[in-house]
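The residues making up each chain are set out below.
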Amino acid sequence: MLVDFPRLVGRTQGFSLGRPRRFTVGPEGRRVLFLRSLGGEDPVLRLWSADLDGGEERLLADPATPGEKALSAQERARRERARDRSSGISAYSADRAVRRVAFTADQQLFVVDVDSGHVAPLPAKAPVEDATISPDGTTVAYVHDGELRLIGADGQGDRALATPEKDDVTYGLAEHVAGESMERMRGFWWAPSGDRLAVARVDNEPVEIWYLSDPANPQEPPTAQRYPRAGTANAVVTLHVYDLAGQRVDVEAEYEYLVDVVWDGHGLLAVTQNRPQTVLRVLDVDPGTGATSTIAEAVDDAWTQIVPGVPRRTDSGSLVWTEDRGDTRHLTVAGEPVTPAGLQVAEVLSVDGDTVLFAAADEPTELHLWTWSTADGLRQLTTAAGVHTGVRAGGATVVVSDRLDGSSVRFGTRTIADLSVSSPVVPKVSLLRAGKRELRTAVLFPAVWQRGERLPVLMDPYGGTAMQRAVAHRGSYYVSQWFADQGFAVIVADGRGTPGRGPRWEKEAYGDNSDMLVEDQVEALRTVAALYPELDLSRVGIRGWSAGGTLAALAVLRRPDVFHAAVAGAPVTDEFLYDTHWQERYLGDPRADPTPYENASVLRDAAKLERPLMLIHGLADDNVYPVHTMRFSAALLAAGKPHTVLPLPGASHMPPDVDLLTPQLRFLQEALRS
């Protein structure tokens, strides 16, 4: 298992390949489209359909071809922002009737007729980015080299709609911070009538140029990229409305960030945010004149939270939004809360007529599906402990469930087949609440461990504001259990600032929270050790990636009395060198006050290192740039502090599909040997 499991994790992309994903339900509620590969080690996503009435799942489009072309820079960036390592069909769009679908494969454009299964290539300019079919199914809009273009679904009339006026301008693409920090991956939106589009124009010229080189291929020139580090200029993003003839209307609004755009049967909405992120507005846009008016607004002294899936509107025109009141994030409809105190709304998933499907939780280790409608009020759709999500249309709901005992995808009465590989490592997880703050914590022991046997400890957190780790979801623990099976007691703890526990808990991340993050891990460790005296607190390691990597480095630097070794993967070590939207949300504008950035950066503590530390970093990482590990390593060397660096040539911020677990295991075993 020492060799086979780490390699299998890479080949299966964490046992995710072969699972159905990215569902679209037809308006009659009888058909669902989805993407899935042919098996657990096949990375090529294909387009499938299934009918509620039964029958076999149909393969609609199979893009598997030998020698797939190298991705364009824009497509690489889009997939990196979406954390998408798949190939084949990574995204698709359907018309209103879900009878005609546009997708890209190998950077070419295709349209498939869902009823007949006929797939037609379209002579669009390649490489193609983000192809989206019009609601009436007649026209496909796509981006080529920063230019927004249109082509008929019959392959006729390919033409430019919005052409960049200069270098560093794009039409129809999301800028870096939109994709990385706001979860907005798109840059254009069709009107329901199909006769106009709202289009984002991005001018990246004010943004600093950073360079990434490949030391493994010194003959290749460095790649230049625009990266807005904290306290520097953002891209200038403006919104415009185009008709199909190319006539343009400029939207009149002042903002720093374009958060989202929604165009439905009631009109055009734009969501904007100011630079400090203290004001979030929903603007009603007149597409004929570009005039705007504010119809909803959130204000917060720390920051306003972007909630995925809102705003939306019901068929009757009521605005679906969220509002933070006290310690609860409520769902609101027409300005009134429709969810009770303590139920934390995480995401709005679909609006089907006047029914809102959303994900929410009153227990942070779980996430459940709920609906609200004027007719039925509030209803909970899932009850089994786990993490549930889904989509809904035509009165039918796809329910995707991940639990500690397994997973499933249900569409009405039928099950969508899961072709993924079963993990040979089966997590055995105990969930508990640690310390006075009731930190949600998972504990895992070796599969053959017996009480009384002393064990070293491995803390395995994320600790950042982007996600939770201590959840009732088996897939969250495969790697943790593998480390446990190598002879560790593994502890996964979610500290203050992690999602799922309400606005006040999230806002604990405001300001310099670096010491707080470490102390929460200490509190979880001590709580578990009190329950299990077999834990050897003289041998405690910590590992993590991204925010977890930063936390691991902080832990051995600031609490070496507790943590005796660390593995820090892709850590942010210099807080000044991460992007504007993410960093300024928590640490403010460094031009006004750099102190929080200085205090939170591990660079200042390099001379304090007295424990073994391994740093891992992808040399093609355009999210947390390799400069973080390089500068930290240089500071450690200057202070005479030996450490280990594992560089990953060609690897991005997503861990590559290679064995990174065995080197970490051997490092930790050596560092923590008794």
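Above this text sits the structure in question.
The sections below set out a description of the structure shown in this document. (Residues numbered from 1 in each chain as written. Predicted model: local features only at pLDDT ≥ 70, side-chain atom pairs only at ≥ 80, totals over all residues. Heavy atoms only, no water.)

### Let's talk about the sheet that holds strand 38 (residues 439-444)
Okay, so step 1: Taken together, 8 strands build an open sheet; the order of strands is 37-38-40-39-41-42-43-44 and the sheet is mixed. If you trace the sheet from one side to the other, it starts and ends with strand 37 (429-434) and strand 44 (644-648), each paired once. The average undirected angle you get between the axes of adjacent strands in this sheet is 20°.
Okay, so step 2: Of the strand pairs in this sheet, strand 38 and strand 40 (residues 489-493) are connected by 4 bridges, and their pairing is antiparallel. When the sheet's bridge partners are listed, Val-443 is paired in strand 40 with Ile-491.
Okay, so step 3: Seen against the sheet, helix 11 (residues 661-671) touches strand 39 (455-459), strand 41 (535-545), strand 42 (565-569), strand 43 (613-618) and strand 44 and runs at an angle of roughly 160° to strand 42. (Pairing = 2+ DSSP bridges. Helix = DSSP H or I, 4+ residues; strand = E, 2+ residues; numbered from the N terminus. Axes fitted to C-alpha atoms, helices over the stretch in contact; angles between N-to-C directions. Contact = heavy atoms within 4.5 Å.)

### Focus on the side chain of Ser-373
Okay, so step 1: Relative to the assigned elements, Ser-373 resides in strand 31 (residues 368-373).
Okay, so step 2: Excluding anything up to four places from it in sequence, Ser-373 contacts Asp-354 and Thr-355.

### Considerations on the packing of helix 6 (residues 514-531) against helix 7 (residues 547-558)
Okay, so step 1: Between helix 6 and helix 7, the shortest axis-to-axis distance is 9 Å and the interhelical angle comes to 85°. It follows that helix 6 is roughly perpendicular to helix 7 by the angle criterion. Residues Ser-514, Asp-515, Leu-517, Val-518 and Gln-521 of helix 6 pack against Leu-551, Leu-554, Ala-555 and Arg-558 of helix 7.
Okay, so step 2: Classifying every residue of the contact of helix 6 with helix 7 gives 5 nonpolar, 2 polar and 2 charged. (Parallel < 35°, antiparallel > 145°, perpendicular 65-115°, else oblique. Nonpolar A, V, L, I, M, F, W, Y, C, P; charged D, E, K, R; others polar.)

### Overview of the pairing of strand 38
Okay, so step 1: In terms of burial, strand 38 is a largely internal element, 6 of the 6 residues being buried.
Okay, so step 2: Of the two faces of strand 38, the one lined by Leu-439, Thr-441 and Val-443 and the one lined by Arg-440, Ala-442 and Leu-444 are each fully buried.
Okay, so step 3: The pairing of strand 37 with strand 38 spans 6 bridges and is classified as antiparallel. Across the sheet, Ala-434 pairs through a bridge with Leu-439, a residue of strand 38. (Buried < 20%, exposed > 50% of the residue type's maximum accessible area, 1.4 Å probe, protein only.)

### Let's talk about the sheet that holds strand 24 (residues 292-299)
In any sheet, the strands associate via hydrogen bonds between backbone groups, in a parallel or an antiparallel arrangement.
Okay, so step 1: One open sheet holds the 4 strands; their spatial order is 21-22-23-24, and the pairing between them is antiparallel. If you trace the sheet from one side to the other, it starts and ends with strand 21 (257-264) and strand 24, each paired once. Geometrically, the sheet is characterised by an average inter-axis angle of 20° between neighbouring strands, direction not taken into account.
Okay, so step 2: Of the strand pairs in this sheet, strand 22 (residues 267-273) and strand 23 (residues 279-285) are connected by 6 bridges, and their pairing is antiparallel. When the bridges of strand 23 are listed, Leu-269 appears paired with Asp-284.

### Some remarks on the nonpolar core
Okay, so step 1: Phe-445, Met-459, Leu-535, Phe-563, Leu-613 and Phe-632 are the most contacted members of the largest nonpolar core, which totals 43 residues.
Okay, so step 2: Per element, the largest residue contribution to this core is 8 residues, and it comes from helix 6.
Okay, so step 3: Leaving out residues up to four positions away in the same chain, Phe-563 has contacts with Met-459, Val-518, Gln-521, Val-522, Val-540, Ile-542, Ala-555, Val-556 and Arg-611.
Okay, so step 4: Counting 30 residues, the second largest nonpolar core, distinct from the first, contains Ala-442, Met-614, Leu-648 and Phe-667. (Core = buried A, V, L, I, M, F, W, Y, C linked by side-chain atoms within 4.5 Å.)

### A word on helix 1 (residues 4-11)
Okay, so step 1: Listed in full, the buried residues belonging to helix 1 are Phe-5, Pro-6, Leu-8, Val-9 and Gly-10.
Okay, so step 2: If you follow the buried residues of helix 1, they end up packed against helix 4 (478-485) and helix 11.

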